[in-house]
Amino acid sequence: MVGLLGGMGPEATLDIFQKIVQATDAREDGDHLRIMIDNNPKIPSRQDAILRGSKCPILELKQTARNLENAGADLIIICANTAHYYYDDIQGAVNIEVLHIIQETVFELKNTMPTIKKVGVLATSGAMKVRIFHQHFKHEGIRVINFPEEKQHTIQEAIYSYKYNGLKNKDVFILSDAINYLIENGAEAIIMGCTEIPMMLKRTSISIPLIDPNEVIAKVAVRKAKGATLNE
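Rules of the game
Residues numbered from 1 in each chain as written. Predicted model: local features only at pLDDT ≥ 70, side-chain atom pairs only at ≥ 80, totals over all residues. Heavy atoms only, no water. Helix = DSSP H or I, 4+ residues; strand = E, 2+ residues; numbered from the N terminus. Expected span 1.5 Å × (residues − 1). Buried < 20%, exposed > 50% of the residue type's maximum accessible area, 1.4 Å probe, protein only. Arc of directions from axis to C-beta. 1 Å grid on protein atoms, 1.4 Å probe; cavity = no way out; pocket = protein on both sides within 12 Å on 5 of 7 lines; lining within 4 Å. Points joined across faces, edges and corners; volume = space filled by probe spheres on them. Nonpolar A, V, L, I, M, F, W, Y, C, P; charged D, E, K, R; others polar. Pairing = 2+ DSSP bridges. Right-handed = clockwise from strand over helix to strand, strands pointing away. Contact = heavy atoms within 4.5 Å.

S.K.: Just to check I follow, could you spell out helix 1 (residues 10–23) for this structure?
M.R.: Note on helix geometry: an α-helix contains 3.6 residues per turn, so any two residues three or four positions apart are oriented the same way. An ideal rise of 1.5 Å per residue puts 20 Å on 14 residues; helix 1 measures up with 20 Å between its terminal C-alpha atoms. What helix 1 keeps buried is the set Ala12, Thr13, Asp15, Ile16, Lys19 and Ile20. For helix 1, the buried positions fall inside an angular range of 160° around the axis, keeping them on one side. Opposite the buried face of helix 1, by more than 90 degrees, sit the exposed residues Leu14 and Gln22.

Next up, the structure:
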């Protein structure tokens, strides 16, 4: 059973759920994975905790992970990139594997583009402030391009505009402008490093690879879950 630690936000959780279904080679209903979702939108804001020092979300994240484990989950996906800042605390709270969306994205990128040296990341200001993408890509010799502060602020606003107001052309334009900046500054691939962004850019095509971590982690979950079933 795959457990989705969700609610950050709910639409991103649905996107990962859907991509797990799409990634599964199923000829009948029984071929699909059993998936348990704890959609917990009451987890305190990861952004506010990082950027403003407000209520820490660790206790709620750990309890939600335990809920999934107690319900029978064999592995967990954290359905938010920024929440991976607290990954070690979440993994330490349970006795089952917690997949790491950023690390798996790095592995996927190195497998498909082994010579890559520079990437662009579209992510929240919280994630960029604590440099969780920078740290994981650096281990593989890949540099993450930084945005000027004002441009990063507009990306943050576009993400939260989508979360609370739905898709607006102006927000897609902001992300498209950010992509152009990254390409102009040498990006060889763009990482959609917030779980809402793949939904915002689903009709967008660009001249370099556009990597969807939601899709990456969905395929990893299917591979691990199906592999476990075959080995039983």
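Here the narrative resumes, following the displayed structure.
S.K.: Would you explain empty space enclosed by the protein in this entry?
M.R.: Over the atoms rolls a probe the size of a water molecule, and in doing so it shows where empty space is left. This model, assessed by the stated rule, comprises 1 cavity of 30 Å³ or more. Reported here for the largest cavity is a volume of approximately 120 Å³. Forming the boundary of the largest cavity are 15 residues, of which Met8, Arg46, Thr82, Thr124 and Tyr160 lie nearest the centre. When residues of the lining of the largest cavity are traced back to their parent elements, those giving at least two are helix 2 (46–52) and helix 8 (149–165). Looking at the lining of the largest cavity, the element that brings in the most residues is helix 8, giving 3 residues. Grouping the amino acids of the lining of the largest cavity by side-chain chemistry returns 6 nonpolar, 6 polar and 3 charged.

S.K.: Honestly, the pairing of strand 3 (residues 75–78) in this entry has me stumped. Any pointers?
M.R.: Both faces of strand 3 are covered, namely the face carrying Leu75 and Ile77 and the face carrying Ile76 and Ile78. Bridge analysis of strand 1 (residues 2–6) against strand 3 gives 4 bridges, and the strand direction is parallel. For Leu5, the partnering residue across the bridge sits in strand 3 and is Ile78. The pairing of strand 3 with strand 4 (residues 97–99) spans 3 bridges and is parallel. Of the residues in strand 4, the one forming a bridge with Ile77 is Leu99. After leaving strand 3, the chain enters helix 4 (residues 87–93) and then returns to the sheet as strand 4, a path that is right-handed.

S.K.: Can you help me understand the environment of Leu75 in this one?
M.R.: You can see Leu75 is positioned in strand 3. Residue classification places Leu75 among the buried residues on the basis of a relative accessible area of 6%. Residues Leu75 and Asn95, spaced 20 residues apart in sequence, show a C-alpha to C-alpha distance of 9.3 Å. When sequence neighbours within four positions are dropped, the list of residues in contact with Leu75 reads Met1, Val2, Gly3, Ile96, Glu97, Leu99, Ala221, Lys224 and Ala225.

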